[in-house]
Amino acid sequence: MGNSISQTVLQDHVKLLSDFSSGHAIDQDDRFWRELFAFPASLSSLPPSQVEHRVSDCCISLVSNNGRTQNFQTLLCKALELLKSTQKHPARAVSATNVIYLVRVLFKHLSDSLNAVQLATFSTDTPYTAADIQPSKGANLVSL
């Protein structure tokens, strides 16, 4: 039964993830965000590979479109708002946890698949060069 619930939850959100990653900017006040955050189950209880697969499907479009739409930045702002609201509305904790889980999966995929220049240009239409993201002279770098 758990697997059928996970399939339903993920299928219902594929369209929302597609909209999120599209070339259409989603306003902060749009009801889209409430729908996206309305997972009927905890994402962390679903098989991680399924969640990551569904989210990674939208990442290519997100990388292409986010410079214009800023939807990823709006997601981060909405996630912070939701986290803050859980102080007064504890019932929102599951939604807040799901949003953080979603952001984590997105960050993981983006950091695993983009190089430093691509990550820098991900959030802006302004093109960056490698020189733009080099550490300043005298910066202390820790080598691993």
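Look a little higher up for the structure.
What comes next concerns the included structure. (Residues numbered from 1 in each chain as written. Predicted model: local features only at pLDDT ≥ 70, side-chain atom pairs only at ≥ 80, totals over all residues. Heavy atoms only, no water.)

**A look at the packing of helix H3 (residues 48-69) against helix H5 (residues 93-113)**
The test is simple: With axes taken as lines fitted to C-alpha atoms, and helix axes fitted only over the stretch in contact, angles between N-to-C directions fall between 0 and 180 degrees. Numbering of helices and strands starts at the N terminus; helices are DSSP runs of H or I of at least 4 residues and strands are runs of E of at least 2. Crossings are classed by handedness, with left-handed meaning an anticlockwise turn of the near helix from the far one by less than a right angle and right-handed meaning a clockwise turn. Every residue pair with non-hydrogen atoms within 4.5 Å of one another is taken to be in contact. Residue polarity is assigned by list, with Asp, Glu, Lys and Arg as charged and Ala, Val, Leu, Ile, Met, Phe, Trp, Tyr, Cys and Pro as nonpolar; anything else, Gly included, falls into the polar class.
H5 packs onto H3 with a crossing angle of 60° between their chain directions and a minimal axis gap of 9 Å. Here H3 runs over H5; the crossing is right-handed. On the side of H3, the interface is formed by Pro48, Val51, Glu52, Val55, Ser56, Cys58, Cys59, Leu62 and Val63, while H5 contributes Tyr101, Leu102, Arg104, Val105, Leu106, Lys108, His109 and Leu110. When grouped by side-chain class, the residues that make up the contact of H3 with H5 number 12 nonpolar, two polar and three charged.

**Examining helix H4 (residues 71-85)**
We count it as follows: Every helix has an expected span of 1.5 Å times one less than the residues it contains. Note on classification: 1.4 Å probe, protein chains only; a residue is buried when its accessible area is under 20% of the maximum for its type, exposed when over 50%, partly exposed between these limits. To obtain the arc, one takes the directions from the helix axis to the C-beta atoms.
Over its 15 residues, H4 extends 21 Å from the first C-alpha to the last, a length consistent with the 21 Å expected when each residue adds 1.5 Å. Among the residues making up H4, those that are buried are Asn71, Phe72, Thr74, Leu75, Lys78, Ala79, Leu82 and Ser85. Take H4 and look down its axis: the buried residues cluster within an arc of 150°, on one side only. Turned more than 90 degrees off the buried face of H4, the exposed positions are Leu80 and Lys84.

**With respect to the environment of Leu62**
By the secondary structure assignment, Leu62 is in helix H3. In sequence terms Leu62 and Ser18 are 44 residues apart; their C-alpha atoms lie 8.8 Å from each other. Among residues more than four places away in sequence, those in contact with Leu62 are Phe20, Ser21, Phe72, Leu106 and Phe122.

**A few points about the nonpolar core**
To be explicit about the condition: We call a set of buried residues a nonpolar core when its members are Ala, Val, Leu, Ile, Met, Phe, Trp, Tyr or Cys and they connect through side-chain atoms within 4.5 Å of each other.
Residues Phe20, Trp33, Leu36, Phe72, Leu75 and Leu106 are the most contacted members of the largest nonpolar core, which totals 30 residues. Elements with a contribution of two residues or more to this core: helix H1 (2-21), helix H2 (32-37), H3, H4 and H5. Considering each element in turn, this core owes the most residues, eight residues, to H5. Residues contacting Trp33, with those up to four places away along its chain left out, are Phe20, Ile26, Asp27, Gln28, Asn71, Thr74, Leu75 and Lys78.

**Concerning the side chain of Asn66**
Note on placement: Asn66 falls in helix H3. Relative accessible area serves as the criterion here: at 0%, Asn66 is assigned to the buried category. Leave out the neighbours within four places in its chain, and Asn66 touches Asn71, Phe72, Gln73, Phe122 and Ser123.

**A look at the packing of aromatic side chains**
As a reminder of what qualifies: Pairing of aromatic side chains requires ring centres within 6.5 Å, counting the rings of Phe and Tyr and the six-membered ring of Trp. Pairs whose planes differ by under 30 degrees are stacked, by over 60 edge-to-face, and all others tilted.
Per the stated rule, a full pass over the model turns up four aromatic pairs. Ring geometry for Phe32 against Trp33: centres 4.9 Å apart, planes inclined by 80°, an arrangement best described as edge-to-face. Owing to a relative accessible area of 6%, Phe32 belongs among the buried residues under this scheme. Put simply, the rings of Phe20, Phe32, Trp33 and Phe37 pair up and form one aromatic cluster.

**Topic: H5**
The end-to-end C-alpha distance of H5, which contains 21 residues, comes to 30 Å, matching closely the 30 Å that a straight helix rising 1.5 Å per residue would cover. By the burial criterion, the buried members of H5 are Ala96, Asn98, Val99, Tyr101, Leu102, Val103, Val105, Leu106 and Leu110.

**Focus: the pattern of salt bridges**
To keep it simple, the criterion reads: In what follows, salt bridge is the name for a side-chain nitrogen of Lys or Arg lying within 4 Å of a carboxyl oxygen of Asp or Glu.
What the rule picks out here adds up to five salt bridges. Close ionic contact of Lys15 with Asp19 constitutes a salt bridge, the shortest N to O distance being 2.8 Å. Linking Lys15 with Asp19, this pair stays in helix H1, spanning four residues, or about one helical turn. In this structure Asp19 comes out as partly exposed when scored by relative accessible area, which is 27%. Glu52 is the partner of Arg104 in a salt bridge, and the nearest nitrogen-oxygen pair spans 4.0 Å. Of this pair, Arg104 sits in helix H5 while Glu52 sits in helix H3, and the two are 52 residues apart along the sequence.

From the geometry alone we can't say anything about function, so treat these as descriptive.
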